[in-house]
Amino acid sequence: MVVFHHHNPFHAGGNLQMAEIHLHRGDFKVAAELIERAVFLYEIGYHPKFDPLKSQNVRLLNKRMEDQEYLRALRRHMQCMGRRGCVRAALEICKLALTLTAEEDPLCLLSTIGYYAIRAKEYSWLISFTNNFKLYPIPAKWFPNLRYNSALAAKLLESSP
């Protein structure tokens, strides 16, 4: 794997695999750089007119291997951003990945979005997201953490100056 990565440093899947190796070794800085490179490689593959933040009806199918790798790269990038203390960036990455896979949520982002929203002090956004959760095809009863996080956000919002 190391030889392959040495000869193909701009292969997104190779970067993700090398990042996994570095994560298991505890070398988080190198792993974060490789994950950032993988996300960058996927982003430069976008069509020039494609903007995932502006178009609301863009979805990734979790059946394609390329889509699975891109979503894994986004999840790892979100975790690295949260580990660095950039919780607002982690929340925005989580929102992006959730809008790309809203019907299925293969990364289980609904279990982490409340954590990053509270850490980023986005209390009002979290409350409105939880109130509008019935628009998602996934039943809300499977995610009691969203209700708890929403109640916590309401409490923190009323106690904040």
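Our next topic: the layout of surface pockets. In this structure, the second largest pocket occupies an estimated 200 Å³ of space. Leu41, Tyr42, Gly45, Tyr46, Phe50, Val58, Leu60, Arg64, Glu66, Asp67, Tyr70 and Leu100 together form the lining of the second largest pocket. Elements with a minimum of two residues in the lining of the second largest pocket: helix H3 (28-43) and helix H4 (65-84). Split into classes, the residues belonging to the lining of the second largest pocket amount to eight nonpolar, one polar and three charged.

Where helix H7 (residues 123-131) contacts helix H8 (residues 144-159), the axes come no closer than 9 Å and their chain directions differ by 140 degrees. For H7 against H8, the interelement crossing comes out left-handed. Every residue of H8 that contacts H7 at Tyr123, Leu126, Ile127, Phe129 and Thr130 is listed here: Leu146, Arg147, Asn149, Ser150, Ala153, Ala154, Leu156 and Leu157. Its residues assigned to classes, the contact of H7 with H8 shows nine nonpolar, three polar and one charged.

With that out of the way, let us pick up the side chain of Asp67. Mapped onto the elements, Asp67 comes out in helix H4. For Asp67, the residues in contact, after removing those within four places along its chain, are Leu60 and Leu61.

Moving on to the pattern of salt bridges. Within this structure, the stated rule accounts for five salt bridges. The partner of Arg84 in a salt bridge is Glu36, and the shortest N-O contact between them spans 2.7 Å. In this pair, Arg84 is assigned in helix H4 and Glu36 in helix H3, connecting sequence segments 48 residues apart. The class for Arg84 is partly exposed, based on a relative accessible area of 45%. A salt bridge links Glu92 to Lys95; the shortest N-O distance between them is 3.3 Å. One end of the pair is Glu92 and the other is Lys95, both in helix H5 (residues 87-100) and three residues apart, which spans about a single turn. Residue class for Glu92 comes out partly exposed when judged on its relative accessible area of 33%. A single salt-bridge network, built from bridges that share partners, covers Arg88, Glu92, Lys95 and Glu122.

For Glu69, the position within the fold is in helix H4. At 4.6 Å, Arg72 is the nearest oppositely charged side chain to Glu69, a buried residue that forms no salt bridge. Beyond its immediate stretch of four places on either side in the chain, Glu69 contacts Gly13, Leu16 and Tyr42.

Another point: the packing of aromatic side chains. Tallied over the full model, the rule gives four aromatic pairs. Ring geometry for Tyr46 and Tyr70: centres 6.3 Å apart, planes at 85 degrees, overall edge-to-face. Here Tyr46 is found in the loop between H3 and H4, whereas its partner Tyr70 is found in helix H4, with 24 residues between them in sequence. Residue classification places Tyr46 among the partly exposed residues on the basis of a relative accessible area of 25%. Take Tyr70: its relative accessible area is 5%, and that puts it in the buried class. One cation-aromatic arrangement involves Arg37 over Phe10; the distance from NZ or CZ to the ring centre is 5.9 Å. Directly above the aromatic system of Trp125 lies the positively charged group of Lys95, at a separation of 4.4 Å from the ring centroid.

Rules used throughout
- Residues numbered from 1 in each chain as written.
- Predicted model: local features only at pLDDT ≥ 70, side-chain atom pairs only at ≥ 80, totals over all residues.
- Heavy atoms only, no water.
- 1 Å grid on protein atoms, 1.4 Å probe; cavity = no way out; pocket = protein on both sides within 12 Å on 5 of 7 lines; lining within 4 Å.
- Points joined across faces, edges and corners; volume = space filled by probe spheres on them.
- Helix = DSSP H or I, 4+ residues; strand = E, 2+ residues; numbered from the N terminus.
- Nonpolar A, V, L, I, M, F, W, Y, C, P; charged D, E, K, R; others polar.
- Axes fitted to C-alpha atoms, helices over the stretch in contact; angles between N-to-C directions.
- Left-handed = near helix turned anticlockwise from the far one by under 90°.
- Contact = heavy atoms within 4.5 Å.
- Salt bridge = Lys/Arg side-chain N within 4 Å of Asp/Glu carboxyl O.
- Buried < 20%, exposed > 50% of the residue type's maximum accessible area, 1.4 Å probe, protein only.
- Lys, Arg positive; Asp, Glu negative; His and termini not counted.
- Phe/Tyr/Trp six-rings, centres within 6.5 Å; stacked < 30°, edge-to-face > 60°.
- Lys NZ or Arg CZ within 6 Å of the ring centre and 35° of its normal.

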